[in-house]
Each structure stands twice: as C-alpha cells, then as structure tokens.
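Close look at the chain arrangement
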Amino acid sequence: MKTLNEKELFVKQKLILFFLIWILSFTNTVDHLYAQTTASKKTLIGIVLDESSVPIVGASVLVKGTKNGTVTDLDGKFGIEVPADGEIMVSYLGYRTETVVVRNQTRITVVLSENVESIDEVVVIGYGSVRRGDLTGAVSSVNVENMTKAPVASFDQALAGRISGVQVTSADGQPGRTSDIVIRGASSLTQNVSPIYVVDGFVLEDFDPSSISPQDIESINVLKDASSTAIYGAKGANGVIVVTTKNAKIGKPTISYNASIGLNRATKRMEVMNAYEFMKFTTERFPDVARSVFYPEVEAGGTMDPEKYRNAPSIDWQDEILRTGFTHIHNLSINGGSQGTKYLVSLSHFDQEGSVINTNYNKTSGRIALDQTINKNLTLKLSTYYIRDHASGIVPTDASVNSQASSALFFSAYGYRPVVSLDPQANEDFLNSLVDDELNGLSDYRLNPRIMAENEVKNNINTMFIPSANLTYKINNHFTLLIRGGLDRRLRENNYFYNSKTRLGMSRPGIINAGVQGGVSFYQYNLASNENILSYNNTFAKIHKIDTQLGMSLQSINTSSHALKYQGIPYEELGLSGMDKGVPVPQNSYLSSSRTQSFFARVNYNLLSRYLFTVTGRADGSSKFSPENRWGYFPSAAFAWRMSGEPLLKNLDFLHDAKFRVSYGITGNNRVGDFDYYASIDTPYRGYYSFNNGTPQMGASRSSLGNVDLKWESTAQTNIGYDLSLFSNKISFTVDWYKKVTTDLLLKAKLPSVLGFEEAYKNIGAIQNQGWEFSLSTVNLHTKDFTWNTDFNISFNRNQILSLNGEQDYMESFASWDSNFNSTPLYRAIVGQPVSQFWGIQWDGVYQYSDFDATENLDGTTTYALKPTVTANGNPRVKIKPGDIKYKDQNEDLNITSDDRVVIGNPLPKHIGGLGNDFRYKNFSLNVFFQWSYGADVFNANRIYFEGGYNVRPLQNQFASYVNRWTPENQTNEMFRSGVGGSESGAGPNGVYSSMHIEDGSYLRLKTVSFDYNLPSKLLEKIDIKALSLGVAAQNIYTWTAYSGLDPEVSVRHSILTPNFDYSAYPRSLSVVFNLKLTL
Amino acid sequence: MKRKVIILLTIISVSFAITSCDDFLVTTPTDFLNPAIYYNTPEQLDAGLNSVYATLSSYPLFGDKMQSELALQADEGFNYNAVPMGNVRHYNVSSSDKDILAFWKALYAGIDKANFLLENINKPVMEDVDRGYLKSEALFLRAYFYFLLVQNFGEIPLRTESAKSVNEGYDPRSPVRATYNQIWTDLIEAEKIAQPIDQIGHGGRVSKSAIQGILARVALYMAGHPLQDATKWVDARKWSNEVIKSNLHELNASYEQVFINYAKDIYDYKESILEVEFWGNNEPPYANAGKVAMNVGGPLYNKLSSPTYGVSYGWIYSTDWLYKSYPEGDIRRDRNIANFTFSTSTGLPVSRGTITAYGRAARKWDRKDEPASIRMLITGTSQNFPILRYSDVLLMFAEANNELSGDVSQTLDAINQVRRRGMGLDPKTPDATIDLTDALSQEDLRAAIRAERPRELCYEALRKGDVVRWGLFYERMQFANTEMQSTSWGTNVRRAYFENATPRDTLWPIPDYERGLNPNLTQNSGW
C-alpha cells in the first residue's frame, strides 16, 4: 500500500509539474523528465558542500553527456553510476556548476562556490536582505548601471520605463522638477500616492529623490506586493523604493572622477502664425482693433487688406525666450580602507541651464560613509549626506496674476503679436518694451515674454542634511541586534523678487497694486528616527531554515514654516536685500509635529530551499488620529515554491530557476495633515470688520470642521507571480498579477457648501487596482568580444473606484488655470470607473451649410437658420452660424447643456513599459533605452486659447494650425470659424470643455542613448590609471507621438484627480553630454 | 567586553521600547485654536460676530460682485465688460456660473458662522442687554443672508444649526414660504432686543431701525412674486412706519451729499440706516477695502502714470429709459449716470454733452469725491455701500400704504419727500410744481412709486428684486432689449445682456457644484 501511495503521489506531482511546465510552453523538452539511462560502469559516492562546508541539499548531479542524474540527500550525499572515464556535473541554484573528472575515485567531495548571478544577487528588502532565489514577494530591481548613464540630476528622472509596475511621470520639463512615481496604480484619490523610500535602511517619508546623487547609488529595489511592503505597515500601501548606496570597499584608495559636459535645448516648439497669417486672423476677428492698430487710414467699415502685411517681418517670441543651455556634471569619489575601517567620500555637482532663458538648476552633494569594525561582533556604520539644490527662474505653468491664463509665460510667448507695423524699427522697439500699449490691461495680462522671463527672480533652494548611524551586534551565530538612528533635516527656502518689469511687480491699476514685491519663506522638516531590530536565523535538521526579525521603531517629524513678504518696495535696484523698506504683508507661519511608533515582526521559513514562507505583522500608532483610532494592524503572508528545486526538474539543464509566488497582505496609509482630526478656529484678516471707521477688529470663525473619526486607510493586496530563468540565466522572465483593494480611503472630500466649509477628510470609498506586469531579460549574444543584452518590461494596470461617499456616485475636479473655467469641472471620478476621467461635451466638428436652411434676402445676402432637426451648441439657435463649433447632443433635446456631458477621455495609460538594449564590443559599449506609455489621453488647454477660442484676446497670435479654420472657402470640419469674438465667435458658449481638445497622449520615447569607449587597460597601466573611458550620452532624443503639444508626458496641474492637463508647460529638453570617467 | 556591550545595547533598546506608547503619540496642535474652548468671553463673541459681518463685505457679495457681476441692476443698466461673456453678468447664466456659486458659498458660510455664534452666545458671563444686542445682530445677519438666498434661488436648504459633523449637509430644499417664515421669526426676535441706532451712532452696525426697515422689505417681497401673500402689505406698512415714527431718521437735504458722505467716510445714520463697512485700501495687513466706487464710480479711469483719481472700472452703463426717466432739473440723474468721460491722454473729465444715454457709465460712489489722501489708492476703496436708506423706507411705506388703500396723504407725504429732494428742494416743504397730488388713482400712484424707486435707488443692488417681486422682470428686460436694438449702441456686448435674459432668470440656478455634492437638491425650472 505504502509504495503504491508513494507512486500515486509521484505521478500526481509529475502531472502538476508537467502542466506547469507545459503552460510555459516548454513542451519540447519535457522528455527530459522521462529520460532513462542504462550505461553504468561503477558507483560513485560523494558529498556536496558549500564553501563553509555546509552540506548542500538537493544539488543536482549529472553524468556529463548523458541524461543520467540524481540529487543530493538531506546530508548533501549522493550516489551515482558513472563510466570509468566519465565526468560528473554538480550544480545547485545560486552556485557555480562544477565538473569533476571521476577517474578511479569512488568517493568524492565537491565544493560548490556561490556564483553571482541574478538569483543569488542579494536583494535588499525591508529590514533585511534576501537572496533573490529565496524571495517570496514581488520585488523588482533596477539595472542601476544602465540607468545612471542618463545625464540627469536625480535618479527619478531616469527611472521611467526601467521597472514594471512603476509609473514615473513629471509635470513638464522645468529644471529641477521632481517626478511623480506611482507603483501599481493610485490607491488614493486626494492624498499623496508616492511610495515611501528606504535609504540604507532608513524609512524616509516625503523623501526627495534629489537627495541622492545617481552616482552614489548601488542598487534600487522596488517592493510592490503586500508581503514585501506590509513590514512597513501604515506607510507601505503605495509601495516602497529601497535604495542602497555604494559601500566602502577594502583596499588601496581608489579615486574616481566622472565629468560630463554638454548642451540641452527644447525638444519641440509650437508653430504659430506668421505676420501675414496673424493679420488675416486679426482683421477677421477683431476688425475694430485691427483698424485702429494696423489700418489707421481705413475708414470704419472699410476693407482692410491683409496683403499689405504679406511680407512683413515676424517676431518669433519663442526664439526670444528659448535657448541652448549648458549642462555640466562632475562626480568625484575616494574609496578604500582596511579590514577594520573602510571609508567612502563622494562629491557631486550638477549644473544645468534650462532651455528657457533665466531658468537654471544646480545641485551639489557630498557624502561620507565610514564602516568601523569595533570588535569581531560589533560593527558601526556612519553615513552623512549633505545636499543643496537650487532651482531658479520663471515657472511657466504658474498663471500667477488672478489665476488668469493670460498671465502664464507661454500665453505671452505664443500669443504676443508677431508684427507691429511694416517699419522694422517699430518691431525693434517692440522687442524691448514691456507692455503692448494696445492691450486692455484690465483683462489681458500679456507682457513681453523675454522681459518677463528675464526679470522674474524666483529661487527654490533646498538644503538637506541626512546623518545616520547603524550599530550591528552579532550576539552569537543566530542572534543579531541592529540599532539604528538617523535624522533627516531639510530646509527649503523659497524667495522671489518681482521688480517693476514683472507680471506681479508692475503696476496694473485695479488689478494688482502691490508694487515691487519680494519675499522669502523657510520651511523646515526634521525627522528623527530610531529602529531596533533583533534578528534570529537558524537551520534546523539541515532543511528548515528560519530567519526572523523582531523590531520596533519610533519616528518623529517636526515641521515649521516662516515667511516674510513685503510689497511696495521703493528701491528695486537693491533686490531682495532692500525688501525691508517696503510694506510688510502678513504671512502664515506654523509649527506642527507628528509621531509614529511601530512594532513589527517577520518570519521567513525556508524548507529544502524549495518551499518558502514569509509571514509579517506590524502595528503602527500615529499621532495623526484620535486616540481611539490611533493604532493600525497590518499582517501579510506569502508562499513561494521554487519548483526548479524539485528533484524531478533538477536535471532539466535548460531550466535555471523557476519559482511560483503567492502573497496576500494589508498595508496602510496615514497621509493626512498632522491635526486634521481637530476642528479649528482661525482669525484671517479677511474676517476682520471695521465699525465706525475704526481699525478693523479681529474676526474669528471656524476654519475647519475636523473629523474625530479619521482612521487609517487600508489596502489589501493579492499577488501571484512566476519567475523563470532559463539557459544559465540567459533568459529570465517574471510575470506578476496583482489585485489591490483600498478601503476607508482618506479622502479630502468636498463638503456641501451649505455646511459653510469647503472640504474635510473622511474615510470614505474604496478603490481597486488590478494588473499584470511582465519583465524579460535576455542575453542575446555572448561571445568573447561581443555581448548583447535586452531588458524589456510592460505593465498593465486597471483601476476602478468601488465606492465613494455613500450618497455620491461621482466626484468632480477642476483644473485651475483660467477664471472662465473655474466652475467647469474637467474631471469626473465615477464609481465603477477609473479614478479620473475627462468629463465634458462630445465634440462633433463644425456646422456646415447643410445644417442650415438658407433664405435669400432682398439685398442679395443670405440668411442661414439652423434646421429644426439639428442640435444647437448651447448658444441660442438664432446665433448659430455655419462654421460654428458643433457638439454632440446626448439627450436629444436639440440643445447642448451641462446634461450632455459625458466621459471624453481617459488620462490613464493602458500600458507602460521600457526596452533597453545593451551592446558591448571589445571596449565599446552602447546602451539604447526606449520608454513608452500607451493609451492615456491628454487635455491640451493651450488650444483653447490658441485655436480661436471664445476668449481669444485682441492682438493675440494663434497656433499655425488655426490657419485651417472654417471659412466659406475652406469648409473644414476640424477648426471652427473665427467670428468676431466672444459670443459672436465660432467657439460656442464660454467655459465649456469638449473632446475637441482631448488628444491621444500615447508615445514611444527614445529616452537614453549612451556610447562609451574604455581605453585598453594595457595602455593605461603605463600611465598608472586603472580605468579611463570616454563617451557620449543623450537624453530625450526622440519621441514618436500624435500629440500636437510640446510633449505628451505632461501634467501641469498634477494630482490623481487632475492628471494630464497641458497648459503653458515648460518644454522638455534634449540633452547631449560628453563623458569622461577616470579611475585612479 | 562582550558582556558590557550586551548590557549597554539592552539598556539602550529597552529604554526606547518602554517609552509609553500613548505619551509618545500625544501631540498637541500649536497653530490654531480649538472651537470648544473659544467664545468664553464677550471679546471672543465680538470676534465671532465680526466674522459674520465680514460676510457682507466679502468679494462674492457687496465687496465686489453684487454691484458689478451679478447683474442685479436688471433693466436699469448693463455690464459693458466684454470678456468673459459666458457669465451671469450678461444674463448668459449657466448652472456652473462661478459668481453665483461664490454667492451661494459665501452666504452659507456666513449662515454657519451665525448659527455657531448663536449656539455659543450664552457661554460668556456678561450683561443680558449687551448679549441681546449681539444676539439681535447675529439673528439679523442670518435672516438677511437667507433673504438674499431665497430671493435669488427660490427653494433652498434651510439650516438653523451649525455644522456638527462632516457627514451632514445633504438637506433638501425648503419651500420658499418656510424660508421666509424663518427670516421673519429671526427678524421679529432680533427687533425686540436690538440697540437703537442713536445709541450706536452710525449706520455700520445692525440697529433696531435697520431691522425694522428690512422687516418692511421682507414683507414687500413676501407680498410680491412668488408668494403673493397680500397679508404682508400690512406688515410692510407697519414696519416702515415704525422707522418713520421713531423720529430718528430724515432725508439728508442733499441727494448728492448722501454719496459724498460715503466717499468721505462720513456717517449720516438719519439717511443711511445700514451700510456695509469698508475700510482702508487693502494695504497689508488689512483686507477690508471694497470695490463699490470702482464698480459704480463713473466712467473708466485707469490712467497708469500720474493718476489724479483712483481707478474706476466703468463697466456698468445706464439704459436710455432710466436716463430719460428723470425730469428736467432732477439732480439725481447726473449723480447716478455720468455725464462725462475721462480723456485717455490727460486723465481729465470730458463732458459727454448730448451723447446718447448708452454711452454713460453708472456713477454714484464717485472716486473724485474721496479725500485726496485716499482717492489715489487704486486697489480698493473705503466707501461704504448702503443696504438700507431712509428714502427706501419712505418709498416702501408709500408702496404698502397705497396697496392697502391707506390714507393717501401719508402715501403722498412719503413719496413727495423723496421727489422734492431729487429736485434739490427741501424734502419737508411741499412744492406744488413737483408734488404728486391726491388726484392720482391708486393705480397711478402705484406706477409713480414704481417709477420713483429706480430714480432714487438705482445701482444699489435692489432693482432686480423689485422687478421680480412686481412680476415684471422679463417684461422689463424685453423692453430694454427693444429699446437697445433701436440705437446704434446696440453692439453685441451691450445687446447680449438683454437678449440673453429669459423668464427663467427671475431665479438663478442651484449651482451644479452643490448639486454634484448633494443629490437631494433639485434644480429650478429652466436649467
């Protein structure tokens, strides 16, 4: 019976294995499973040990050239029949395969040495590290070497497309702009969804990726599933990015110096109308203005002939503000030490002139790391970073005057008129005057864009100081205690000075009268943390490996902000230092703090190196919630089956590693304000009131309603993954499927206005994210001189709102950019649909003559009346003329109202990914990296103002695309007629968002190319240089897209609810740099 | 060594670990005050009340929009500003109009502040009389806020308790009658405990007279469209008569002086019973200046270099019928409608001579009248805006008394005072050349009173309310439209204001924003 059972079991196992292998389409090699061998001459008995003489269980032993093999038993022993002249191959996952010539031996000891291939690469995870082969969770590693070839200031700018499941986008191309990183889709609606960072073990919330110089990075791992992130409990819901910096190494001092010097310029510029096209448009749309400005000789009602300006010189205002900027990057490091003391010192400097004049970014960072062995059990690691970065110059996305679109930089750059008169001298004078006297300053805030950009002084200076200490005490072979302490101190200074030639410093009677303004604000962030972790690991009965951590951590964050602001500054030539001569403006100041305390534990249990279990638990207490809701509990569990370790699969020599993983867990989010659960009283100056001509007296009122019921938001995530590595890891493939459900969303919910409060935090609603991630790395060619590797990944995420506030089935959001659209929502988050979608009227082209009934009048003119069966566009029917914009009537009431709004676009990509190819030929290397995003829509608001919109201002230039507008001669269906402005334009009613301005933002970008040549070491030895390489690297080389704006990766009002909005974006830069890397 | 290290590390880690969880996690806010511990002193109640008053002076209300953008001038003028046009200021109203939403939000925020104050009003130890004054002001303001809401939105959510939790606010709309009843109850209660205006000494604070006058106004509105509650004529007469009988009020001898007083920051509570207070010019730190004199201060003036006067936007223009409705010699015409413009080169006034009325900007709060020391200031003005003037009280009395077929001599006395002053005569001295006589029928008198109101009260944000309660809104807008079509001034911007008006515009739409948040709100008809 017993044997039968075993047999059954065996067959069953075989079937499962067979099935699993088959689905991965390796059926052609299944016959390996049934391989039989008859050749046997003698029996060899042996033992397989690792370098520390520990027996290796389950190592595979194969007679070379045959299919005859076995595996080692629990004592690492094996017995096999071998021909006398035979050789055996002994292999084990993570170790180098050894080939042994048997000869006369009958007993043999084989020692396997660990190999440093991917599955054995140590992956740094939360509170520890693990061999990739033993990993149970979904953790992706970035190819740091390739990534850091990009000439960028901070690693986040090169991260996009490098890892599956991680979406990296930046708002626009402003130098120093940080990226927005979302792992496996947004799990919150109104709160920050960026991951937390763990840098050398320290948990840093609100981490600034520019804190670390890319050159200092050793590895980046992204923890994605709940099993890996739940150990971070309340902070883990958005994923964790684990950054490890370069370690000091034992040896003589090594000095490396890298320098990159190059140029950058805008990848694209918008085509605008030239002088002649502009004159045609202006005489059509603003005949009165055109007559008084350009045709003073023409009587009212007379004909203005644009031909007069056919060859007039055009001023190109984009030329006036765009430039080719200079980039240089320097890195210097010294590294060395003895067994007892190791050190690493590095210095980096990055300096970039932006493609818009007067915008710059520079960053200087330094790091000192010291490793000291105090005694054989006690080691101390000290590390300190100091970073200062400085971004300066105008911010084009900022419409800073009364939130009017016309105050943004590119409104002026695209829209300032290209022609003044036929007199070239007049153009010259116009280039140097701040305002166009013909504009109506009350509603049109255009300024000479060059003078505007040159004069606006705006600085954002961050100083960061991050010291830390790690004390590791190895209590005995099994217990280790780690005590960690660290600080993250940041000081952000924002200052500005708006002189009389800037949009806010100039005098605009009735609009701004603050005079010359200056201000400075300081924001301080102080984080202190302590963590104590006790680890235990042991192996029982040689097959039960246990690795546990038990820890607690304390974290306190204190923030403060102080600001000074002055207006009416009398001596503008003194700049900021003279601001105290002005009138002080009240500014907010605050002090705040939050604390967290956590306890956590993890058990990794490894059976036979084939069955891997991980269980974690964490309890977090946060001061951000009332005492009743303070504590949150976050458990997780994972199981992995390394099927390639199964004896049956051992002798599949093509199969390098195969692992099936499944995990489930709960993580949290507490990202609300420090005291959002409190109600508060405030006394803003706006609430003051004066009686009897007296000085206004203080007014006090509730400024927030508070919500004592606030509690943790929690995310439950299931992950199923499969890792497969074939042909000695020449092909490695990973697939993951996940489903995240976030409940009790911390939602900054809009409150009904009848309460008297705008918004409050509530735990309301649920979101689900579900997706697939695939990544594939292949070694396509590997010869002595030539290697070619490819990395590919693609991710699909679908998210869906499961519920919102009980009574609400959608939430609307607004893109704040122009007062005409202040109360028109552009986004709707609808239950059952993605977290945000564009919401508006469906565009239906342009009314053509066929939509009208024509009546001949007595005077020979024709009157067109909209046919009764054709829908109006929201304007009164009598006003609608051929060439007007046409919208789709959804409810068939023959008119367009807000009820006709529908979903008009999805800003979330269907899939994103990256493709990297790395070629090496002798001393040359070439790395080519592509990144893409497919299926996301972008709202191009620039076109509202630059393709004939309702509120186009007199003397405003338009995009060249609007030359193709509807006219009786050009009955296009693409662009409505110009009309004569306002409600008489062809643009339909004011303040309407329609799908006309939704564009497909899919793109494929040739993101990074680098080419390097390493000088032959023989040559270098003579001059005592260890290594020297020369190269060239380029970033943002080319983008394939149908998007008509500057760049499809754009989101100038970025939030989860308001993504992919394009207005006056800073152009992205193509940068090309030449590198020199020197190691002494 | 090893033992020492173990001991040391144990002490360090244990000492962290045993830090009491609760102590470590307790943080106290340092940046704001807690409502639970506020309103404990009379001063704190005062501060609370100030913030309720500040609702009146906020931008969405009298701080700016009610004089300019909200198109409350109906047929007596129009907004000439061309950009943007898809807006309530051109009667091109949509349910997502930003100014209407801001109006709604500001009033409900004010109501919540008043509710919260009223709930805490008994907390401090203080004299009952003083507490009564505070309470009467808070009650009045709440009622007045509801009055503005019900006039403009019809059925609205009625909240008489402050917000207690973030899960509230899903109230349905209350009938118009219920809202008026609440307003009435509040005003009646407030009137009993209010402070007399002569004790206050100025028109900036809510007084007994102000409450009585607004009771009369509320009664008139209830008697008109949409409630048509004829019983309210009695109340209208009673309360306006209370103000008249109090002998605390009389017309200022000079119509012009009434507005010069605002410009010069002089109070005359006899004439100007309740004013929205503005102060300073928005120079930091205070932000309490208004825009009335920029909105209704005469023609456009924005001379950039060496300005002689403060900025005026000049975007409300008069209609022809209003201009022509003034008899020859009526000094109110040129006070209310500018007969001049400003030269763009010199910045000096240029006479408009005989040009048609459509080229004339509304003017009442002229910046030229401001003292030289403040009129240069261009971001705001300290000129106050009247909510209730005595001439309005007289006309309300006349209207109510006439509707009730009361003593005609009383009706005539009230209206004739206003007329005489308009002609520059002493209000109290009968003048046979201009006085209306009892030869007029009730109907004629009604027409005369209705015609007198815009002449006297134009651009004081009262006109739309009047024509709506008389049921004449659409008719009047059509009238102005026809008139405008017949002149060369009928450019699209000007015409659009009247063309766009439809009968639905007697009420504004319930803001889309609010309906998006509260599905229990229905929409007014037509939107």
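Residues numbered from 1 in each chain as written. Chains lettered and ligands numbered in written order. Predicted model: local features only at pLDDT ≥ 70, side-chain atom pairs only at ≥ 80, totals over all residues. Heavy atoms only, no water.

1. Things to note about helix H15 (residues 390-403) of chain B
For an α-helix, the turn length of 3.6 residues means that residues three or four places apart are oriented alike. The condition is simple: Helix and strand assignments come from DSSP, with helices taken as H or I runs of at least 4 residues and strands as E runs of at least 2, each series counted from the N terminus. What a helix should span is 1.5 Å times the count of its residues minus one. Each residue is placed in one exposure class: buried if its accessible area under a 1.4 Å probe, protein chains only, is under 20% of its type's maximum, exposed if it is over 50%, and partly exposed if it falls in between.
A rise of 1.5 Å per residue sets the reference length of H15 of chain B, with its 14 residues, at 20 Å; its end C-alpha atoms lie 20 Å apart and thus fit the reference within 8%. Buried residues dominate H15 of chain B, accounting for 14 of its 14 residues.

2. A word on empty space enclosed by the protein
Residue and element names in this part refer to chain A. Where we set the bar: Definitions used for this entry: grid spacing 1 Å over protein atoms alone; cavity, a set of points where a 1.4 Å probe fits but cannot get out; pocket, an open set with protein on both sides within 12 Å along at least 5 of 7 lines; lining residue, one with an atom within 4 Å of a point. Grid points are joined across faces, edges and corners, and a volume is the space filled by probe spheres set on the points. Following the grouping adopted for this structure description, the nonpolar residues are Ala, Val, Leu, Ile, Met, Phe, Trp, Tyr, Cys and Pro, the charged ones are Asp, Glu, Lys and Arg, and the polar ones are all others, Gly among them.
Taken as a whole, the largest cavity spans an internal volume of roughly 580 Å³. As for the largest cavity, its lining consists of 42 residues, and the residues nearest its centre are Gln 167, Thr 169, Leu 908, Pro 909 and Ile 912. Going through the elements one at a time, strand S11 (166-170), strand S12 (179-183), strand S38 (786-803), strand S47 (911-921) and strand S48 (924-934) are the ones with two or more residues in the lining of the largest cavity. Per element, the largest residue contribution to the lining of the largest cavity is five residues, and it comes from S38. Here the residues of the lining of the largest cavity are counted per class, giving 21 nonpolar, 17 polar and four charged. Its volume calculated, the second largest cavity comes out at about 370 Å³. Along the walls of the second largest cavity sit 26 residues, with Val 152, Gln 157, Gly 173, Asn 1036 and Arg 1068 positioned nearest its centre. Going through the elements one at a time, helix H3 (156-159), S11, strand S19 (341-353), strand S52 (1027-1041) and strand S54 (1069-1079) are the ones with two or more residues in the lining of the second largest cavity. A per-element tally of the lining of the second largest cavity places S11 first, with three residues. Residue composition of the lining of the second largest cavity, by class: eight nonpolar, twelve polar and six charged.

3. Looking at the domain arrangement of chain B
By a frequent convention, interface size equals the accessible area lost on bringing the separate parts together. Residues and elements named next belong to chain B. Quick reminder of the rule: Those domain boundaries reflect an automatic or database domain assignment. Pairs of residues are marked as contacts when any of their non-hydrogen atoms sit within 4.5 Å. The working definition used for a salt bridge is a side-chain nitrogen of Lys or Arg within 4 Å of a carboxyl oxygen of Asp or Glu.
Looking at chain B, the domain boundaries give domain 1 (285-367) and domain 2 (401-495). Domain 1 and domain 2 are separated by 22 Å when their C-alpha centres are compared. On the domain 2 side, the residues contacting the 25 residues of domain 1 number 21 residues. For the pair domain 1 and domain 2, the interface holds three salt bridges. Residue Lys 364 pairs with Glu 460 through a salt bridge whose shortest N-O separation is 2.7 Å. Broken down by secondary-structure element, the contributors of at least two residues to the side of domain 1 that touches domain 2 are strand S3 (316-318), helix H12 (320-325) and helix H13 (332-336). Here the side of domain 1 that touches domain 2 gets four residues from one element, more than from any other, and that element is H12. In the side of domain 1 that touches domain 2, the residues fall into 13 nonpolar, seven polar and five charged.

4. Concerning a nonpolar patch on the surface
All names here are of chain A. Applicable threshold: Two distance rules govern patches: like charges are joined within 9 Å, and nonpolar side chains (Val, Leu, Ile, Met, Phe, Trp, Tyr) within 5 Å, applied only to residues with over 30% relative accessible area and no salt bridge. Each accessible area is a Shrake-Rupley estimate made with a 1.4 Å probe; only the visible protein chains count as cover when residues are assessed.
Taken together, Ile 255, Leu 332, Ile 334, Val 345, Leu 347, Ile 368 and Leu 1080 make up a surface patch of nonpolar side chains, about 530 Å² in accessible area. Looking at the nonpolar patch, the elements with two or more residues in it are strand S18 (325-337) and S19. With respect to the helices, strands and loops of the structure, Val 345 is situated in strand S19.

5. Considerations on the sheet that holds strand S46 (residues 901-905) of chain A
Residues and elements named next belong to chain A. The following threshold applies: Strands were regarded as paired on the criterion that DSSP finds at least two bridges between them. The convention used is that axes are lines fitted to C-alpha atoms, helices contributing only their stretch in contact, and that angles between N-to-C directions extend from 0 to 180 degrees.
Taken in spatial order, the four strands of this open sheet run S39-S40-S41-S46, and their pairing is antiparallel. Because the sheet does not close on itself, it has two edges, and the strands there are strand S39 (810-813) and S46. Ignoring which end each strand starts from, the neighbouring axes of this sheet average 45 degrees apart. Pairing geometry for S39 and strand S40 (residues 827-830), over four bridges, is antiparallel. Pairing of Ser 813 across the sheet is with Tyr 827, part of S40.

6. Looking at the environment of Ser 556 of chain A
Secondary-structure assignment places Ser 556 of chain A in strand S25 (residues 544-567). A C-alpha to C-alpha distance of 8.0 Å links Ser 556 of chain A and Asn 526 of chain A, two positions 30 residues apart in sequence. Those residues in contact with Ser 556 of chain A, other than ones at most four positions away along the chain, are Asn 526, Leu 527, Ala 528, Ser 594 and Arg 595 of chain A together with Phe 24 of chain B.

7. What about unusual backbone geometry?
The general pattern is negative phi for most residues beyond glycine and trans for most peptide bonds. The omega torsion across His 225 of chain B and Pro 226 of chain B is 5 degrees, close enough to zero to call that bond cis. Tracing the backbone shows Pro 226 of chain B in the loop between helix H8 (208-223) and helix H9 (232-245). The peptide bond linking Pro 284 of chain B to Pro 285 of chain B adopts the cis configuration, its omega dihedral lying at 5 degrees. Note on placement: Pro 285 of chain B falls in the loop between strand S2 (272-276) and helix H11 (292-295). The backbone of Leu 608 of chain A shows a phi angle near 60 degrees, a positive value even though the residue is not glycine. Examined against the element boundaries, Leu 608 of chain A turns out to sit in the loop between strand S27 (590-607) and strand S28 (611-622). For Ser 1064 of chain A, which is not glycine, the phi torsion reads 45 degrees and is therefore positive.

8. Structural notes on the interface of chain B and chain A
To be explicit about the condition: Buried area: the accessible surface (1.4 Å probe) lost by two parts on joining, summed over both. Here a polar contact is recorded for every N or O atom pair within 3.5 Å, except that within protein the pair must consist of a potential hydrogen donor and a potential acceptor, and residues adjacent in sequence are included only if both atoms are side-chain atoms.
Residue-level contacts link 97 residues of chain B with 94 residues of chain A. Buried area between chain B and chain A, both sides added, is near 8300 Å², and the carbon and sulfur share of it is 61%. Three residues, Phe 24, Leu 25 and Val 166 of chain B, lead the burial of chain B against chain A; their summed loss comes to 9% of the area buried on that side. Linking chain B to chain A there are three salt bridges. Joining chain B to chain A, the criterion identifies 22 residue pairs in polar contact (both at pLDDT 80 or more). Of all the elements in the fold, those that place two or more residues in the side of chain B that touches chain A are helix H1 (2-17), helix H2 (21-25), helix H3 (42-56), helix H4 (98-120), S2, helix H20 (492-499) and helix H21 (512-517) of chain B. When the residues that make up the side of chain B that touches chain A are grouped by side-chain class, the tally is 49 nonpolar, 27 polar and 21 charged.

9. Re the packing of H3 of chain B against H4 of chain B
All names here are of chain B. Note the following rule: Each angle is binned into one of four classes, with values under 35 degrees roughly parallel, values over 145 roughly antiparallel, values of 65 to 115 roughly perpendicular, and all other values oblique. Helix crossings fall into two classes, left-handed where the near helix is turned counterclockwise from the far one by less than a right angle and right-handed where it is turned clockwise.
Put simply, H3 and H4 touch, their axes get as near as 9 Å, and they point 160 degrees apart. Judged by the angle between their axes, H3 and H4 are roughly antiparallel. Handedness of the crossing formed by H3 with H4: left-handed. Across the interface between the two elements, Leu 45, Gly 48, Leu 49, Ser 51, Val 52 and Thr 55 from H3 touch Ala 106, Gly 110, Lys 113, Ala 114, Leu 117 and Asn 120 from H4. For the contact of H3 with H4, a count of residues per class yields six nonpolar, five polar and one charged.

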